[in-house]
Amino acid sequence: MLTTSHQSATLPTATSEIARIKGAAAVGLGMNRHQAIATVILLILIVAMPQFVYPTFLMKIMCYALFACAFNLVLGYAGLLPFGHAAFFGTGAYLAACGAKMLELPPELAMFLGASAAAVLGLAFGYLAIKRQGLYFAMITLALAQMTYFFYLQAPFTNGEDGLQGVPRGSLLGLVPLENDGRMYWFVAAVFLAGFLIIARTVHSPFGQVLRGIRENEPRTISLGYPTNRYKLMAFALSAGLAGAAGATKTLVFGIATLSDVSLEMSSLVLLMALLGGLGTLVGPIVGAVIVASVEVKLTAIGSWVTIVQGLIFIGCVLVFKRGVIGEVNRLFGTRL
């Protein structure tokens, strides 16, 4: 009797999340007022910032931001902690590079090839790992990601440690050349916004509400009749596909796909972006991506010390902003960004 009472006391959040599904469907599944305002501000910044900042740097931020938002979908909303998301980012990068350079595909098809391959890989990895939880899930994803790293290291089409270089940007739809950074910027912005809106729509849908229920209390969600493993697998595959799109876009911007795209360091970097911005928030990963990319640029002058200084800065940020930057803003001002 005591056990039952204790369980009931720990389950109200999951119950309320699931109960909101029909209500969310009734009101249109849209963003709240704060998120809508933040999205408008984001659009204004995307339009205005090329006048003040190098477009190449902004494109790097948007690639990182899409990657971080994709990662946040599984960690922040579904409560899954993967340690190998770089496998999908790197797969998107390598496959897009192969498509653009070897198959001479236009950029939109090269990117679609990379994102699709990453989604399929995510489906396979998820099928193997999704039935495990906590540390076991994290270790399985880490092992699979390391296998992927060594595959790309040894595969003949990747050029090993040299990577695939000289990847052409091509022409959008065969009509608009993207060699100019100005045109390429708007292509990257369109890809980022599409990915961001897909994630926003997902987390505000009944599917997203079930993911939150899984994060809060999976046994309770199962008891309500939801096949949680299926939901987690779908979220994992979607996250992998969006991460692959980010990697593919990065390759088209910089013209290169290397082992760093699929390394453990990249997996750690995206985790850091999500933590700095705020887990379970819509715009938090974008803020985290801006911080990480800016620190990388500012510290390039100090050479090999960059990793140590970067680590100290990030430790300080995590200690000060325990919920992430946007998480602390939500706590202080009562917003839901």
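Owing to the predicted nature of the structure, the values given are computational and were not obtained by experimental measurement.

A. The side chain of threonine 39, seen in detail. Tracing the chain through its elements places threonine 39 in helix α3 (residues 33-48). Excluding residues within four positions of it along the chain, threonine 39 makes contact with Met31 and Phe196.

B. Structural view of helix α6 (residues 107-129). Along its 23 residues, α6 runs 32 Å from first to last C-alpha, staying within 8% of the 33 Å computed at 1.5 Å per residue. If you check which residues of α6 are buried, you get Pro107, Ala110, Met111, Gly114, Ala115, Ala118, Gly122, Phe125, Gly126 and Ala129. Where α6 is buried, its residues contact α5 (86-101), α7 (134-154), β2 (171-172), α8 (181-203) and α11 (228-254).

C. Region of interest: the layout of surface pockets. Here the largest pocket defines a volume of roughly 590 Å³. Every residue lining the largest pocket is counted, 22 residues in all, and those nearest its centre are Tyr64, Glu265, Met266, Leu269 and Glu296. For the lining of the largest pocket, the secondary-structure elements that each account for two or more residues are α4 (55-77), α11, α12 (264-277), α13 (284-298) and α14 (306-320). Split by residue class, the lining of the largest pocket holds ten nonpolar, seven polar and five charged. Within this model, the second largest pocket holds a volume of roughly 430 Å³. Lining the second largest pocket are 18 residues, and of these Leu42, Leu45, Ile61, Ile286 and Val290 sit closest to its centre. For the lining of the second largest pocket, the secondary-structure elements that each account for two or more residues are α3, α4, α8 and α13. Tallied by class, residues from the lining of the second largest pocket come to 18 nonpolar, no polar and no charged.

Criteria and cut-off values
Sequence order as written defines the numbering, with residues in each chain counted from 1. Only residues with pLDDT of 70 or above have their local features reported here, since the model is predicted, and side-chain atom pairs are shown and tallied only from 80 upward, although totals for entire chains, interfaces and linings are computed over all residues. The side-chain values count all of the structure's non-hydrogen atoms but skip hydrogen atoms and water molecules. In DSSP terms, a helix is any run of H or I states spanning at least four residues, a strand is any run of E spanning at least two, and both are numbered starting from the N terminus. Only heavy atoms enter the contact rule, under which two residues are in contact if any of them lie within 4.5 Å. Expected helix span is taken as 1.5 Å per residue step, with the number of steps being one fewer than the number of residues. Using a 1.4 Å probe on the protein chains alone, a residue whose accessible area is under 20% of its type maximum counts as buried, one over 50% counts as exposed, and one in between counts as partly exposed. A cavity here means a set of points on a 1 Å grid, drawn over the protein atoms and nothing else, where a 1.4 Å probe fits but cannot get out; a pocket is an open set with protein on both sides within 12 Å along at least five of seven lines, and a residue lines either one if it has an atom within 4 Å of a point. Grid points are joined across faces, edges and corners, and a volume is the space filled by probe spheres set on the points. Following the grouping adopted for this structure description, the nonpolar residues are Ala, Val, Leu, Ile, Met, Phe, Trp, Tyr, Cys and Pro, the charged ones are Asp, Glu, Lys and Arg, and the polar ones are all others, Gly among them.

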